[in-house]
Amino acid sequence: AQSVTQPDIHITVSEGASLELRCNYSYGATPYLFWYVQSPGQGLQLLLKYFSGDTLVQGIKGFEAEFKRSQSSFNLRKPSVHWSDAAEYFCAVGEPYNTDKLIFGTGTRLQVFP
Amino acid sequence: DAGVIQSPRHEVTEMGQEVTLRCKPISGHDYLFWYRQTMMRGLELLIYFNNNVPIDDSGMPEDRFSAKMPNASFSTLKIQPSEPRDSAVYFCASSPGQGAGELFFGEGSRLTVL
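Keep in mind the model is a prediction, meaning the values are calculated, not measured.

(A) Looking closely at the environment of Phe33(B). Inspection of the secondary structure assignment puts Phe33(B) in strand E4 (residues 31–38). In this structure the C-alpha to C-alpha distance between Phe33(B) and Leu103(B), which are 70 residues apart in sequence, comes to 8.6 Å. Contact partners of Phe33(B), with chain neighbours within four places excluded, come to Asp100(A), Lys101(A), Leu45(B), Ile47(B), Tyr48(B), Phe91(B), Cys92(B), Ala93(B), Ser95(B) and Leu103(B).

(B) Structural view of the layout of surface pockets. Of the volumes computed, that of the largest pocket is approximately 700 Å³. Every residue lining the largest pocket is counted, 28 residues in all, and those nearest its centre are Gln38(A), Glu88(A), Arg109(A), Gln37(B) and Met39(B). Listing elements by their share of the lining of the largest pocket, those giving two or more residues are strand E10 (87–95) of chain A together with E4, strand E9 (88–95) and strand E11 (109–113) of chain B. Looking at which element gives the most residues to the lining of the largest pocket, the answer is E9(B), with three residues. Considering only residue class, the lining of the largest pocket consists of eight nonpolar, 15 polar and five charged. Size it by volume and the second largest pocket reaches roughly 350 Å³. Ile103(A), Phe104(A), Leu43(B), Glu44(B) and Leu45(B) are, among the 19 residues lining the second largest pocket, the residues nearest its centre. Elements with a contribution of two residues or more to the lining of the second largest pocket: strand E1 (3–5) and strand E11 (98–104) of chain A together with strand E5 (42–50) of chain B. Here the lining of the second largest pocket takes six residues from E5(B), the largest share from any one element. Broken down by class, the residue content of the lining of the second largest pocket amounts to nine nonpolar, six polar and four charged.

(C) The arrangement of the interface of chain B and chain A in detail. Taken together, the contact between chain B and chain A spans 21 residues of the former and 17 residues of the latter. Buried area between chain B and chain A, summed over both chains or domains, comes out near 1,600 Å², and the portion from carbon and sulfur atoms is 49%. Taken together, chain B and chain A are joined by zero salt bridges. Connecting chain B to chain A are four residue pairs in polar contact (both at pLDDT 80 or more). Top contributing element to the side of chain B that touches chain A by residue count: E4(B), with four residues.

(D) Quick peek at unusual backbone geometry. In this model, Ser7(B) is joined to Pro8(B) through a cis peptide bond whose omega is -10 degrees. The amide bond that connects Gln80(B) to the next residue, Pro81(B), takes the cis arrangement and shows omega of -5 degrees. If you trace the backbone, Pro81(B) turns up in the loop between strand E8 (74–79) and E9. Here the phi dihedral of Lys61(A) falls at roughly 60 degrees; this positive angle occurs in a residue that is not glycine. Take Lys61(A): it is sitting in the loop between strand E7 (56–58) and strand E8 (64–68). One non-glycine residue, Asn51(B), lies in the positive phi region at around 50 degrees.

Reading the values: the criteria
- Residues numbered from 1 in each chain as written.
- Chains lettered and ligands numbered in written order.
- Predicted model: local features only at pLDDT ≥ 70, side-chain atom pairs only at ≥ 80, totals over all residues.
- Heavy atoms only, no water.
- Helix = DSSP H or I, 4+ residues; strand = E, 2+ residues; numbered from the N terminus.
- Contact = heavy atoms within 4.5 Å.
- 1 Å grid on protein atoms, 1.4 Å probe; cavity = no way out; pocket = protein on both sides within 12 Å on 5 of 7 lines; lining within 4 Å.
- Points joined across faces, edges and corners; volume = space filled by probe spheres on them.
- Nonpolar A, V, L, I, M, F, W, Y, C, P; charged D, E, K, R; others polar.
- Buried area = accessible area lost by both parts, 1.4 Å probe.
- Salt bridge = Lys/Arg side-chain N within 4 Å of Asp/Glu carboxyl O.
- Polar contact = N/O pair within 3.5 Å; in protein donor to acceptor, adjacent residues only side chain to side chain.

Here it is as structure tokens:
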């Protein structure tokens, strides 16, 4: 069965610093991978997704993620964090024939200090 | 266009009472999902529908939970009888399908069972 692991429960960074959130997946083939963001009291919003092709994908709000098959990873990055990026971030995996059924990781809570 | 609309936003009830959560998906979306979010278990997929038909309910925790989608614009998730361990935030999400992998989430219904 497919699964997603986000090893970091909570990360704190200073505003303007770079950010990398880790995500590892378990799946027999190349899965479809997603990052979602959840602001406090809100539902989740799609940041970016990877289906195939270029392994570096760009998303909204200045985020990017890189798919590394050899490491079964799909880490999320941002070169300079803004205070408004404070939120919870979820990595998710979908199956190629059923991409709308997503399995989510447990999330990483990002705190940003001024 | 309105997003996914959930009601109620907050519900406090006593153990043993029936709870009904409601969801109006985005018009034209073929898929509807119910997720449950808790600190301990993260975001769990409970059930999802395609064109009003339940496709996968393997995530429904037990017989106390039931979900219906009588038409394309309305779905309910019912818990009867409710228990304190059902306390969580319940999210409804919809998707246009077609393998896009983008789910649009409502703001959630926070349920507290005393």
